[in-house]
Amino acid sequence: MEYIKCLKPGLLTTIQDLGRQSYQSFGVSACGAMDPLSLKLANIIVGNPQDYAALEITLLGPEILFKGEGVIAITGADLSPTLNEKELPMWRAVHVHEGDILKFAKARTGCRSYLAILGGILVPEVMGSKSTFLRGNYGGIEGRALQKNDRIPIGPIHHSWIKKVKNRGIADSVIRNIFHKDAVRFVWGPHDRAFKEEAKELFIESVYQITNQSDRMGYRLEGEALLHKKSADILSEFVAPGTIQVPANGKPILLMADCQMSGGYTKIGMVIGVDLPLVAQKKPGDFIKFQPVSIEQAQEEWKKQMKWLSILSKNNTH
């Protein structure tokens, strides 16, 4: 495939990979895919390395024209994708041809879809990543979301690869097991002792709603206010995606992919890595219930996921 052309941009469509993990110590936001697991799985399905850049599509999808033959996979949210007006299966490798048109309609489930293309997206790297950082205006295409008539070049492939990835996919039962969970797990700390015990009990007993004041930087949550023993303020220190900050008003803020690298609010907990994709697929108006787990359990869940991805990737090479 030579390139894809954006006929309609959708609500918010950006180029994302796994982000700028190596530059956080310099104050650079990691950014990258909000749901890194869906991005990895999309790449595995089409035969790309897991960290290749793909399109992150938010709620209202774009209209895309394919210039050349290739293979695509769509994972994450079900935004009713169609190819040439016919329903397109998700979590499956799909063969596309010159002139094919991909469209999206209503959101059936989730918030963000990921479109991976065999060969990957060819845009310049900025600080080791192709991810778009909207607040910094860099990465992706000029640091912005896709616009009408954008042409995005695709990496070269061998024609034999197309046949090898045909009919690849992830079983529905596996997807349900990963994404359809009742609670978002977190570990306490580092400032949980700054809260009254009643506040900690309230936090795990309550259900919080994602407000409209939410974006790729973080989710503001509406629900029971959490009372501090003294002050909500601390000396600014490192934060990362998954951090649950609680400012003076007691309403939690859950930091996401584009978050800053330091913050001065108390942190009651941290969402575990394997559950961040669950949060990324929630949209304003959706609810979150938090469930505490131990650090050891969080580490075991991460190891299990990494092992599973490694096996899946090795079984789906060219």
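The structure contained in this document is the topic of the report that follows. All residue numbers refer to position in the chain's written sequence, counted from 1. For this predicted model, a pLDDT threshold of at least 70 governs which residues receive local features, and a threshold of 80 or more governs which side-chain atom pairs are given and counted, while totals over whole chains, interfaces and linings are taken from all residues. Here the side-chain values reflect all heavy atoms present in the structure, with hydrogen atoms and water set aside.

Numbering of helices and strands runs from the N terminus; a helix is a DSSP stretch of H or I covering at least four residues, while a strand is a stretch of E covering at least two. Along the chain, the position of threonine 266 falls in strand E18 (residues 262-271). Think of it in three bands: residues with accessible area under 20% of the maximum for their type are buried, residues over 50% are exposed, and the middle band is partly exposed, with areas taken using a 1.4 Å probe on protein chains only. On the accessibility criterion, threonine 266 (1% relative accessible area) is buried. Throughout, a residue-residue contact means that at least one pair of heavy atoms, one from each residue, lies within 4.5 Å. Aside from chain neighbours lying at most four places away, what touches threonine 266 is His191, Ala194, Phe195, His228, Ser231, Ala232, Ile234, Ile244, Gln245 and Val246.

A few words on the nonpolar core. Only buried residues count toward a nonpolar core, which is a set of Ala, Val, Leu, Ile, Met, Phe, Trp, Tyr and Cys residues joined through side-chain atoms within 4.5 Å. Ile4, Ile15, Leu55, Phe66, Leu102 and Phe290 are the most contacted members of the largest nonpolar core, which has 77 residues in total. Here this core gets seven residues from one element, more than from any other, and that element is helix H1 (residues 36-46). Those residues in contact with phenylalanine 290, other than ones at most four positions away along the chain, are Val184, Phe186, Phe203, Ile204, Tyr208, Leu221, Ile244 and Val271.

Let's shift gears to the sheet that holds strand E6 (residues 82-83). Ordered by their spatial adjacency, six strands build an open sheet running E7-E6-E9-E4-E1-E11, and the pairing between neighbours is antiparallel. Because the sheet does not close on itself, it has two edges, and the strands there are strand E7 (86-87) and strand E11 (151-153). Note that strand E4 (residues 63-67) and strand E9 (residues 101-103) share two bridges and pair antiparallel. What sits directly across from leucine 65, in E9, is isoleucine 101. Two strands are counted as paired when DSSP detects at least two bridges linking them.

A separate point is the pairing of strand E10 (residues 109-117). In terms of burial, E10 is a largely internal element, eight of the nine residues being buried. Bridge analysis of strand E3 (residues 54-58) against E10 gives four bridges, and the strand direction is antiparallel. By the bridge assignment, leucine 55 is partnered in E10 with leucine 115. As paired strands, strand E5 (residues 70-78) and E10 are joined by six bridges and run antiparallel to one another. Counted as the bridge partner of aspartate 78 is threonine 109 from E10.

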